[in-house]
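Examination of the molecular architecture
One letter stands for each residue in the lines below.
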Amino acid sequence: LSMDASRSMDFKAANGKAKEDGKNDNPTALDQLWKTHKLQKSSEVLAMAAEKAYQQHDFHKALKFCEELSKLDPLCPTAGYTYVATLVSLQKKRPLFSLAHEWVDAAPKSSKAWFAVGAYYYACQRYHVAQRHFCRATRLDPHSPEAWIAFGTSFAMCDESDQALASFRAAQRLSPGDATSLLYIGMEYLRTNHLVLAHHFLQASHHANPHDPLVCNEIGVLYMTTSFQNSDYEATPNQKYEMAIEWLTKSLVLATGHVSSPRGDNEQNEEVATLMELLQSTSLQTMSNGTYWEPTLFNLAIAHRKLKNYKVAIECLTVCLSWKESASAYAALGYCHHLKHFAKQTKSDHWSYANEDENNGQHIHMAIEHYHQSLSRKPDDPFCTEMLQRALSDALEEQVFLPPTTDDETVRKDGLGMNKMQNRATAAAASAMTPTSNEQSSMMLTANEDGGFSFSIDQDDDSDVEMG
C-alpha cells in the first residue's frame, strides 16, 4: 500500500525550518525575480525554481529547470542533488550515467559526484552496489544529509532496517526538524510494522511541513493498516478508513492544487463530494506525474470499497487505469463491480442510487471483463482466477447471459431486448412471442450448443420460436 522509497527517492533534504518559513514568501520572491527583474537566465534563480518544482513533486518541470541550469553552469553546487534526484524519480538512467561520469571526471573527490554514481546504480535496482558509493559519499562529506538519506534508502530496499534507520537518524542530527528525514524514519517504521513509532514520526514530519502531499499519503496508509490503534482513542475499523480517506484526499488536493467549492454538507458527504469533483477535474486527469500518485488513488479506492462506497471506488480505479494499466487495478475494479452487483440487490451501496440505472446485469458482466483483463496481465493470480469463476457462476445462476442493453436498443416489457436494426422478419417473430390477454402461454429459455438461446413458448398451436 505504501508509496515506498523506490517511487519517492527524495534525496534532496533542506532545512525544515527554512521550508516552513518560506512557504508563503518563496513563491512571491521567485515570481518577482522571474517576471519583474527578468532573471530567468540566472543560475541561482533557476536553482530556486528547480527546487520549488521538486518539492511540489513536479519532476518534469524540475528536470526542465535543471537542464537549463546545466547549460549555464554544469557544476552548479546549489541544484546538483535536485538534478540527480529528479533523474532517479523519472528513471532517466542514461542521462544520469553521463552526468555521474562528468562529475567524477571533473572532481574525483567530490561527495556529490559519488552520490550521482550511487543514484545511477539505485535506479538500476543494484542496491548493494549503490550502498558502496553512497558510503563513499558520506565519508567524503559526513555533513551531507542528502547522502545519508540516500544511504538509508538503499539499505531499506535491501530490507536492512537497522542500518536504514541509523542513516536516517544521522541525517536528522545534521538538520534537526527537517521534514524529509522525519518522513523517511516514519516510512521505515511503517514498513517494518512499528505503527506507533511510525505515527509519531509521520506526525512530526507533517508538523514540520504541513503542505507536503507525500506525508499526508503515508499517514493515510498508516490509518488503513487494520492493526494500528491510536493511543489517544480507540477507533473502529470504519472510523480508521474514514481517517485514511481524509488524509489521502488531502494528499491529492495538495498534489494537484485543486480548490474545492464550499458546501454545507456534513463532513463525510463533503469529503466524498470533494473527491468526486477532483476526479472529474482537468487538474487531476492532466497531471504530468500521474503515475507517481497512482498508489495514492488506488489506496483511496480500497478505503472507499471497505466502506461500501462502490461508486466512488470505481471512479478512483478508472482514473488509476487511465494513468497506468496494471493487473492489480483491473482486479480491484472487477471486484468493486462484483460487489456492486450484489449491493444493488441488497441496497447496501451508500452512494449509488441517485439518478442511476438499476440494471442488475451490468456490473456482473463488467466484473467478468475486468477479471479477464487482470488475468491477461497476470495469469497466475489466484484471487482473480477464483473471483472469475464465482462471477461466471453468479451470472449463470441468475440467468444474466447477455450484457445490458445500450442506447441503440429497446427493452420490451417481457424482458427481451430487440435491436432497432433487426430486420422485419425477426421483429415480427419477436412480436409473436408476446401472448395476448386471452391466451395462456409459458416461456422457457434454454442455451444451444452453438452459443445461441432458444425461447420455447407453449401456446394453443404448440409453436416454437428460436432466436440465434
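Below you will find a few notes about this structure. (Residues numbered from 1 in each chain as written. Predicted model: local features only at pLDDT ≥ 70, side-chain atom pairs only at ≥ 80, totals over all residues. Heavy atoms only, no water.)

1. Focus on the environment of Lys-52
For clarity, the cut-off: For helices the rule is a DSSP run of H or I covering at least 4 residues; for strands it is a run of E covering at least 2, with both sets numbered from the N terminus onward.
Along the chain, Lys-52 falls in helix H3 (residues 43–55). Considered as a pair, Lys-52 and Thr-82 are 30 residues apart in the sequence and their alpha carbons are 9.9 Å apart.

2. Notes on empty space enclosed by the protein
Note the following rule: Buriedness for pockets is judged along seven lines, at least five of which must meet protein on both sides within 12 Å for an open set on the 1 Å grid over protein atoms alone, while cavities are sets there where a 1.4 Å probe fits but cannot get out, and lining residues have an atom within 4 Å of a point. Grid points are joined across faces, edges and corners, and a volume is the space filled by probe spheres set on the points.
Under the definition given, this model contains one cavity of 30 Å³ or more. Its volume calculated, the largest cavity comes out at about 70 Å³. Those elements that place two or more of their residues in the lining of the largest cavity are helix H4 (59–72) and helix H5 (80–89). Sorting elements by how many residues they give to the lining of the largest cavity places H4 first, with three residues.

3. Details of the pattern of salt bridges
Cut-off, in case you're wondering: Should a side-chain nitrogen of Lys or Arg be within 4 Å of a carboxyl oxygen of Asp or Glu, the pair is scored as a salt bridge. Relative accessible area decides the class of each residue, using a 1.4 Å probe on protein chains only: under 20% of the type maximum gives buried, over 50% gives exposed, and in between gives partly exposed.
Tallied over the full model, the rule gives four salt bridges. Residue Glu-325 is joined to Arg-377 by a salt bridge in which the shortest nitrogen-to-oxygen separation is 2.8 Å. You can see Glu-325 sitting in the loop between helix H18 (310–323) and helix H19 (327–346) and its partner Arg-377 sitting in helix H20 (residues 361–377), a full 52 residues away along the chain. By relative accessible area, Glu-325 is classed as partly exposed at 49%. Here Arg-390 ties to Glu-386 by a salt bridge, and the two come within 3.0 Å at their closest N and O atoms. Of this pair, Arg-390 and Glu-386 both sit in helix H21 (residues 382–397), four residues apart, roughly one helical turn. Here Arg-390 falls in the partly exposed class, since its relative accessible area comes to 47%. Residue Glu-386 is classed as partly exposed on the basis of its relative accessible area, which comes to 36%.

4. Focus: unusual backbone geometry
The phi dihedral of Gln-125 falls on the positive side, at around 65°, and the residue is not glycine. For Gln-125, the position within the fold is in the loop between helix H7 (111–123) and helix H8 (127–140). You can call Gln-125 exposed: its relative accessible area is 59%. Of note in this structure, Asn-193 is not a glycine but carries a positive phi near 70°. Looking at the element boundaries, Asn-193 is found in the loop between helix H11 (179–191) and helix H12 (195–208).

In short, geometric facts, not functional conclusions.
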